[in-house]
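Chain by chain, the residues run as shown.
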Amino acid sequence: MAVNFRCAVQTLVLLGCVIILSNVLCPVGAYLYNNRYAGDQVFRITPSNKEEVQVLKKLLGNIKVDLWQPNSASLIRHNATVDVHVRRNDTRGLRTRLQKEHIDFKVYISNLQKEIEKQTGHRSSRKRRSESQYDYEVYHSLEEIQSWMFEMNRTHPHLVDVFSIGRSYEGRPLYILQLGKRTRSYKKAVWIDCGVHAREWIGPAFCQWFVKEALHSYQDDSVMRRLMNQLNFYIMPVFNVDGYHFSWTTDRFWRKTRSKNAKYHCRGVDANRNWKVKWCEEGASSQPCDDTYCGPFPESEPEVKAVAKFLRKHKKRVKAYISIHAYAQMLLYPYSYKYATIPNFNCVESAAHNAVTALYSAYGVRYRYGPASTTLYVSSGSSMDWAYRNGIPYAFAFELRDTGYFGFLLPEALINPTCTETMRAVKTISSGLLKKCETGMHELDRERYPYL
């Protein structure tokens, strides 16, 4: 009897070890994120008039929802689609109310958990460490991306440097890759950041893709070789390192940073509303629990502060600022915070037109382009506006694929085409820096435009 009992205990202990080990190897368990999204749905709702907009705002205000597009209820407009992630306990009630009010809607994702499982597959079985094995057509964890950055430096020391510009709120290093041939001390530079918003995984995938393409095509592609010889590229694959890590381990749809607030239980700040340019005005929230929370003060987030400090230090050389987001299929330029035309509009608008034309040439995917305030919505405290106001003449924000069918859950099968077409656009913008534009901001009289 005692022997049988001892055997049973040993079996249970072994089974427990297997379970613990499997959780270490695959941090989010047998069901990703502990099955927390089972039964959740994504609705696409289209209010057709101002009355329906008010009804919808009230409906969404009465239940806890995760707005995907737009990212704030204040931005809901008639005849514009609203993508919203609804918890499983609220889906039936919302559907009933929308039908009762005759508001047009579709259920885009009927089971969010299944869509997450489809997007990421079985992570723990992948071996993606060395460069030769590294798979650019899957999404990677923060740890994998940071290891890859050092591998790029090790295997291409003549073209790649890696360094840290500071630490995140939770103490993670903020790594940057510098790409370019080391030919002379002064070179124009392009800044590209990805992963400002944690849940937009296609962003970091593109930053890695850009580096891979730049290095692998350096010998054979004359355009890429010219860019690498004449420009430096500063690449930040994951801007919001804490949030991105959290989106892998705990909450797939986390957007903000992970800083703590002394007065509220809600964590995090929108890293694209925390910049010192019309801070916390229209399109940003002063409520810490909101997804567009601007923070307690400008540059309160160490990640924002570190990047702002770096760009200030190098602002004479950095001629283009590019921030990669998702989703909407747009290429945006300043201003975000107001309806006004930038002084070097002709040059920037021409660069945007050429970029979306190049992007379209890959697979026929259409991007809208224009000032962020009119093309998307008004928002204050954005990195793009800050970069422009601090003297970087070409400041852009990409909103990559798609337009809502998959939303933030863009399948890994679409990483390749999305990054391939975006690569064409970014190369086009970069190539434009090597030509003179007749009405470029570098030719403007700074006395006449002191606010730039």
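Residues numbered from 1 in each chain as written. Predicted model: local features only at pLDDT ≥ 70, side-chain atom pairs only at ≥ 80, totals over all residues. Heavy atoms only, no water.

Per an unreviewed UniProt entry, the protein goes by the name Carboxypeptidase A6 and belongs to Oncorhynchus mykiss. UniProt, in its Cofactor (unreviewed entry) section for the protein, records the words "Zn(2+)". (UniProt positions renumbered as here; feature names shortened; annotations may be inferred.)

Draft legend 1. The pattern of salt bridges, seen in detail. Counted under the stated rule, the structure contains 16 salt bridges. Across the pair Asp40 and Arg88 runs a salt bridge whose closest N-O atoms are separated by 3.7 Å. Here Asp40 is found in the loop between helix H1 (2-25) and strand S1 (41-46), whereas its partner Arg88 is found in helix H3 (residues 88-100), with 48 residues between them in sequence. On the accessibility criterion, Arg88 (43% relative accessible area) is partly exposed. As a salt-bridge pair, Glu101 and Arg97 come within 3.5 Å of each other at their nearest N and O atoms. For Glu101, a relative accessible area of 29% puts it in the partly exposed group. Through salt bridges that share partners, Glu170, Arg172, Asp242 and Arg267 make up one connected network. (Salt bridge = Lys/Arg side-chain N within 4 Å of Asp/Glu carboxyl O. Helix = DSSP H or I, 4+ residues; strand = E, 2+ residues; numbered from the N terminus. Buried < 20%, exposed > 50% of the residue type's maximum accessible area, 1.4 Å probe, protein only.)

Draft legend 2. Representation of the sheet that holds strand S8 (residues 231-236). Taken in spatial order, the eight strands of this open sheet run S5-S6-S8-S7-S9-S12-S10-S11, and their pairing is mixed. Among the strands making up the open sheet, the edge pair consists of strand S5 (160-167) and strand S11 (368-371). The sheet shows a mean angle of 20° between the axes of neighbouring strands, direction not considered. Direction of pairing for strand S6 (residues 173-179) relative to S8: antiparallel, over a ladder of three bridges. Bridge pairing in S8 links Gln178 to Tyr234. Contacts from helix H5 (residues 142-155) reach S5 and S6, with the element oriented near 35° to S6. Seen against the sheet, helix H6 (residues 202-216) touches S5, S6, strand S7 (188-194), S8, strand S9 (318-326) and strand S12 (394-400) and runs at an angle of roughly 140° to S7. (Pairing = 2+ DSSP bridges. Axes fitted to C-alpha atoms, helices over the stretch in contact; angles between N-to-C directions. Contact = heavy atoms within 4.5 Å.)

Draft legend 3. Just the sheet that holds strand S2 (residues 65-69), in detail. One open sheet accounts for four strands, arranged S2-S3-S1-S4; its pairing is antiparallel. Edge positions in the sheet fall to S2 and strand S4 (104-109), since each has one partner strand and no second. The sheet shows a mean angle of 30° between the axes of neighbouring strands, taken without regard to direction. Pairing of S2 with strand S3 (residues 82-86) involves four bridges; the strand directions are antiparallel. Pairing of Val65 across the sheet is with Val86, part of S3. Docked against the sheet, H3 engages S1, S3 and S4, running at close to 20° with respect to S1.

Draft legend 4. Fine view of helix H10 (residues 345-363). Between its terminal C-alpha atoms H10 stretches 28 Å, which fits the 27 Å expected from 19 residues at 1.5 Å a residue. For H10, every residue scored as buried is listed here: Cys347, Val348, Ala351, Ala352, Ala355, Val356, Ala358 and Leu359. Down the axis, H10 shows its buried residues gathered within 160° of arc, on one side only. Those residues of H10 hidden inside the fold are in contact with strand S10 (330-333), S11, S12 and helix H13 (415-432). Looking one or two places after H10, you find Gly364, whose phi comes out positive at around 75°. (Expected span 1.5 Å × (residues − 1). Arc of directions from axis to C-beta.)

Draft legend 5. Highlighting empty space enclosed by the protein. Considering all chains together, one arrives at three cavities of 30 Å³ or more under this definition. Every residue lining the largest cavity is counted, 24 residues in all, and those nearest its centre are Asn272, His325, Leu376, Tyr377 and Glu399. Sorting the residues of the lining of the largest cavity by element identifies S2, S9, helix H12 (383-389) and S12 as the ones contributing at least two each. By residue number, the principal contributor to the lining of the largest cavity is S9, which donates three residues. (1 Å grid on protein atoms, 1.4 Å probe; cavity = no way out; pocket = protein on both sides within 12 Å on 5 of 7 lines; lining within 4 Å. Points joined across faces, edges and corners; volume = space filled by probe spheres on them.)

Draft legend 6. Focus on the side chain of Glu303. Within the element layout of this structure, Glu303 appears in helix H9 (residues 302-313). Although Glu303 is buried, it makes no salt bridge; Arg172 carries the closest opposite charge, 7.7 Å away. A distance of 3.3 Å separates a polar atom in the side chain of Glu303 from the backbone nitrogen of Tyr169. If we skip the residues at most four places from it in the chain, Glu303 touches Ser168, Tyr169, Leu174, Phe239, Asp242 and Thr257. (Lys, Arg positive; Asp, Glu negative; His and termini not counted. Polar contact = N/O pair within 3.5 Å; in protein donor to acceptor, adjacent residues only side chain to side chain.)

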